[in-house]
Amino acid sequence: MKQISTRFSIAVHTLSLIAVSSTEDCTGDYIAGSVNTNPVVIRRIMGLLKKAGLVEVRPGVGGASLLKTPEDITLLDIYRAVHVIEDNQLFRFHEDPNEGCPVGRNIESVLQSELSEAQSAMEHRLAQTTLSQLTMKFK
């Protein structure tokens, strides 16, 4: 089974670290050390977060800072910023089910509304949690 991309958890980790650290500390290497990953992974995610208007990255010496307060950044903002899902669909269907089978012919249409509701419920929950609420739990 395919897992949801780790970009989301790495992005939350990154923004949390920026929120609780001084801006001088938050270089790509520092963040990569905390996440325990290659700095290239962090640079890619930082690019997505920057494009979404969540962070500012200083060229040269480096370092990153939040462009919004932690109270104004929700988990849904982060989730959307790093493009965890394709085509706005968390759940994908297998290709080419057997049209001659009553289950194969109908599985997508029958299951689609259930999965859409599940995705909506998850996104609603993510919208209720701010970065500030998370970082308060780290202390």
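That block above? That's the structure.
What counts, and at which threshold
- Residues numbered from 1 in each chain as written.
- Predicted model: local features only at pLDDT ≥ 70, side-chain atom pairs only at ≥ 80, totals over all residues.
- Heavy atoms only, no water.
- Salt bridge = Lys/Arg side-chain N within 4 Å of Asp/Glu carboxyl O.
- Helix = DSSP H or I, 4+ residues; strand = E, 2+ residues; numbered from the N terminus.
- Axes fitted to C-alpha atoms, helices over the stretch in contact; angles between N-to-C directions.
- Parallel < 35°, antiparallel > 145°, perpendicular 65-115°, else oblique.
- Contact = heavy atoms within 4.5 Å.
- Expected span 1.5 Å × (residues − 1).
- Buried < 20%, exposed > 50% of the residue type's maximum accessible area, 1.4 Å probe, protein only.
- Arc of directions from axis to C-beta.
- Polar contact = N/O pair within 3.5 Å; in protein donor to acceptor, adjacent residues only side chain to side chain.
- Bend = angle between axes of the 7 residues up to and from the residue.
- Core = buried A, V, L, I, M, F, W, Y, C linked by side-chain atoms within 4.5 Å.

Colleague: How should the pattern of salt bridges be read in this particular structure?
Modeller: Where charged atoms from two side chains of opposite charge approach closely, those side chains can pair. On inspection of all chains with the given rule, the structure shows 1 salt bridge. In this structure, Arg80 engages Glu123 in a salt bridge whose closest nitrogen and oxygen atoms are separated by 3.9 Å. Remark: Glu123 occurs in helix α5 (residues 102–127) and Arg80 occurs in helix α4 (residues 75–81); sequence separation between them is 43 residues.

Colleague: In this structure, what is going on with the packing of helix α2 (residues 28–35) against helix α3 (residues 39–51)? I would like to understand it.
Modeller: Two packed helices can be described by the angle between their axes and the distance between those axes. Packing of α2 against α3 leaves a shortest axis separation of 8 Å and a crossing angle of 110°. When the interaxial angle is binned, α2 and α3 end up roughly perpendicular. Here Gly28, Asp29, Ile31, Ala32 and Val35 of α2 lie close against α3, whose contacting residues are Pro39, Ile42 and Met46.

Colleague: What is the right way to look at α3 in this model?
Modeller: An α-helix turns once per 3.6 residues; consequently, residues spaced three or four apart project the same way. Under the 1.5 Å per step criterion, the end-to-end length of α3 is 18 Å for 13 residues, consistent within 8% with the ideal 18 Å. Three or more residues of α3 are buried, namely Ile42, Ile45, Met46 and Leu49. End-on view of α3: buried residues confined to an arc of 105°, all on one side of the axis. Those residues of α3 that are exposed and aimed more than 90 degrees away from the buried face are Arg43, Arg44 and Lys51. Looking at where α3 begins, the residue whose side-chain oxygen comes 2.8 Å from the main-chain nitrogen of Val40 is Asn38.

Colleague: Explain α5 to me, please; I cannot follow it from the model alone.
Modeller: Helix length check: α5, at 26 residues, gives a terminal C-alpha distance of 38 Å against a target of 38 Å (1.5 Å per residue), a fit within 8%. The largest bend along α5 reaches roughly 40° and is located at Gln112. Elements that come into contact with the buried residues of α5 comprise α1 (7–20) and α4.

Colleague: Could you clarify how one ought to interpret unusual backbone geometry in this entry?
Modeller: In terms of backbone geometry, most residues other than glycine have negative phi values and most peptide bonds are trans. One non-glycine residue, Asn36, adopts positive backbone phi at about 65°. Among the structural elements, Asn36 can be located in the loop between α2 and α3. In the Ramachandran plot, Asp96 falls in the positive-phi region, its phi being about 55° despite a non-glycine side chain. Note that Asp96 resides in the loop between α4 and α5. Among the residues examined, Asp96 registers a relative accessible area of 73% and is labelled exposed.

Colleague: Just checking my understanding: could you explain the side chain of Thr129 for this structure?
Modeller: Within the element layout of this structure, Thr129 appears in the loop between α5 and α6 (131–135). Taking relative accessible area as the criterion, Thr129 reaches 11% and is therefore assigned buried. When residues no more than four places from it in sequence are discounted, the contact partners of Thr129 are Ile73, Thr74, Leu75 and Leu134.

Colleague: What is the right way to look at the nonpolar core in this model?
Modeller: For soluble globular proteins, the rule of thumb is that nonpolar side chains tend to be buried together. Within the largest apolar cluster, 31 residues are counted, with the highest numbers of intra-cluster contacts made by Phe8, Leu49 and Ile78. Secondary structure elements with two or more residues in this core: α1, α2, α3, α4 and α6. A total of 7 residues in this core trace back to one element, the largest contributor, which is α1. What Ile78 contacts, discounting residues up to four positions off in sequence, is Phe8, Ala11, Val12, Leu15, Leu54 and Ile73.

Colleague: What should I look at first to understand the environment of Phe138 in this one?
Modeller: Residue position: Phe138 is located in the segment after α6. Sequence separation between Phe138 and Val20 is 118 residues; the distance between their C-alpha atoms is 9.0 Å.

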